[in-house]
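# Overview (structure and organization)
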Amino acid sequence: MVEDLSQAIIAGLNDFLSLAGVNQIPLNPLDAEQLMADYFQGKPPFESKKPYEFKDAIMINAVKSYQKNINEHIVIVSNDDGFRKAFDGDANFTTVQYLSNALKIYSEQKEDSDIEAFLTEALENDDFSVCIQSYLGKFDISRDYYSEWECDDHQIEVDEAELLYVERADEKYLVHLALSLSIVADITHRDEDTSYYDREEQQYLVENFVKWREKHQLEMDVVVACSVEKEADGEYSLDEIAIIDDAMFKTIDLDEDTLVDWDELQTEHREEPDLVYCSECGRVIGRTVEYTDYDDNPICAECMVSNSAGDICPACGRKVPHEFMINGFCIDCSEENE
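These remarks concern the structure in this document. Computed from a prediction, not measured in an experiment: that's the story for all the values here.

Turning to the overall build of the chain, a few remarks are in order. When its secondary structure is counted, the chain shows seven helices and 18 strands. Within the chain, buried positions represent 31% of all 338 residues. Long-range pairs, those at least 24 residues apart, make up 52% of the contacts in the chain between residues at least 6 apart in sequence. Element-wise, carbon and sulfur atoms account for 47% of the exposed surface of the chain, whose accessible area totals about 22,100 Å².

Following this line, the structure appears as structure tokens:
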């Protein structure tokens, strides 16, 4: 009788192990060092009331070793609190007390997987494009690389939208997207290299403004909230699409790293009257002339050095052509300094 019962139990176990989807987890290699460390430190399943749970500890180590080999998430179903606690804090495992809880988790994960597939298809079908484009249309352009500038016009286009992940929030689904944007902006700015600011007068005496059509490319993450309903035929439908608007300032910063192309459209020259220019290099001097050449033409401070254009007469302070220099002085001053 006992032998028949044992054989029936073994036969039933073998039938169970032969079912599709049933995997046997080997107990070897056994991590004896970790097992003893858990025992002496009182880690689950070695609780104060049950300090000798070596059989549970062996199974726990075997399951953890198995998970590392398959690298998949595992749901543990056990009515033993100590057994479940052994997996606390390990993101690779979910523990539940009853099989019904595991089936519920599976059902929710299956539904979430189906909805994520539906939302991915909706993204590919441009179902979010109107909402996204309307949101991007609220943004201004910042081009702080220039000291004085203004944006005359700009267009923002979405080159690509990639679904990062989906999460639930109450009755809504939050679709996290990574957008690749192309921005074309008409920027008018002051060219500091060709403009002249006079510190004494504290104003620009010469201003050159350049209008560029710049093309920029950059990335932006957005979150789209939406409702997903399951119809009677089992198909999903999308409703109440809206961007989660958490941007404090509706500004897109453009810089030299985002700039990919540009075209000069026009230039505008503004100049104060009665300005003096350097006769040698053409640079703006301002309204006051401090240095001159041999013919009393204005010379800027940068050109007031000895070079191929002439030497500085130490007596009169003018810049004089080499042929008009005698013994280190200009011809007008040489006789006075003999």
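Let's shift gears to unusual backbone geometry. For Glu240, which is not glycine, the phi torsion reads 55° and is therefore positive. For Glu240, the position within the fold is in strand 8 (residues 236–243). With relative accessibility at 46%, the residue Glu240 sits in the partly exposed group. A positive phi angle, close to 55°, is found at Asn327, a residue other than glycine. Along the chain, Asn327 turns up in the loop between strand 17 (325–326) and strand 18 (329–330). Overall, Asn327 belongs to the exposed group, its relative accessible area being 73%.

With that settled, the discussion passes to the nonpolar core. In terms of nonpolar packing, the biggest core is built from 30 residues, with Leu119, Phe128, Val175, Leu177, Val228 and Ile252 touching the most fellow members. Listed by contribution, the elements that provide at least two residues to this core are helix 5 (99–124), helix 6 (129–136), strand 4 (149–169), strand 5 (172–190), strand 7 (203–230) and strand 8. If we ignore the near neighbours within four places in the chain, the residues touching Phe128 are Leu119, Ala122, Leu123, Val175, Val224, Leu238 and Ile241. In this structure, Ile60, Val63, Ala86 and Phe87 belong to the second largest nonpolar core, which totals eight residues.

Counted by the stated rule, this structure contains 14 salt bridges. For Arg143, the salt bridge is made with Glu256, and the minimal N-O distance between the two is 2.7 Å. One end of the pair, Arg143, is in the loop between strand 3 (140–142) and strand 4; the other, Glu256, is in the loop between strand 9 (251–253) and strand 10 (259–271), and 113 residues separate them in sequence. Measuring nitrogen to oxygen at the nearest pair gives 3.8 Å for the salt bridge that ties Glu272 to Arg287. Within this pair, whereas Glu272 is found in the loop between strand 10 and strand 11 (276–277), its partner Arg287 is found in the loop between strand 12 (284–286) and strand 13 (291–292), the two being separated by 15 residues in sequence.

What follows deals with the pairing of strand 8. Here strand 7 runs beside strand 8; their pairing, made up of six bridges, is antiparallel. Paired with Ser227 across the bridge in strand 8 is Asp239.

Right, let's get into the packing of aromatic side chains. Tallied over the full model, the rule gives six aromatic pairs. When the centroid spacing of 5.8 Å and the interplanar angle of 40° are considered together, the rings of Phe118 and Tyr236 count as tilted. You can see Phe118 sitting in helix 5 and its partner Tyr236 sitting in strand 8, a full 118 residues away along the chain. You can call Phe118 buried: its relative accessible area is 17%. Of the residues examined, Tyr236 reaches a relative accessible area of 17% and is grouped as buried. Each ring, one from Tyr135 and one from Phe139, has its centre 5.2 Å from the other, and the planes form 80°; the classification is edge-to-face. Its relative accessible area of 8% is what places Tyr135 among the buried residues. On the basis of relative accessibility, which here comes to 4%, the residue Phe139 falls in the buried class. In this structure, Arg190 is placed above the aromatic ring of Tyr204, and the distance from its NZ or CZ to the ring centre is 3.8 Å.

What counts as what
- Residues numbered from 1 in each chain as written.
- Predicted model: local features only at pLDDT ≥ 70, side-chain atom pairs only at ≥ 80, totals over all residues.
- Heavy atoms only, no water.
- Helix = DSSP H or I, 4+ residues; strand = E, 2+ residues; numbered from the N terminus.
- Buried < 20%, exposed > 50% of the residue type's maximum accessible area, 1.4 Å probe, protein only.
- Contact = heavy atoms within 4.5 Å.
- Areas by Shrake-Rupley, 256 points an atom, 1.4 Å probe, with all protein chains shown as cover.
- Core = buried A, V, L, I, M, F, W, Y, C linked by side-chain atoms within 4.5 Å.
- Salt bridge = Lys/Arg side-chain N within 4 Å of Asp/Glu carboxyl O.
- Pairing = 2+ DSSP bridges.
- Phe/Tyr/Trp six-rings, centres within 6.5 Å; stacked < 30°, edge-to-face > 60°.
- Lys NZ or Arg CZ within 6 Å of the ring centre and 35° of its normal.

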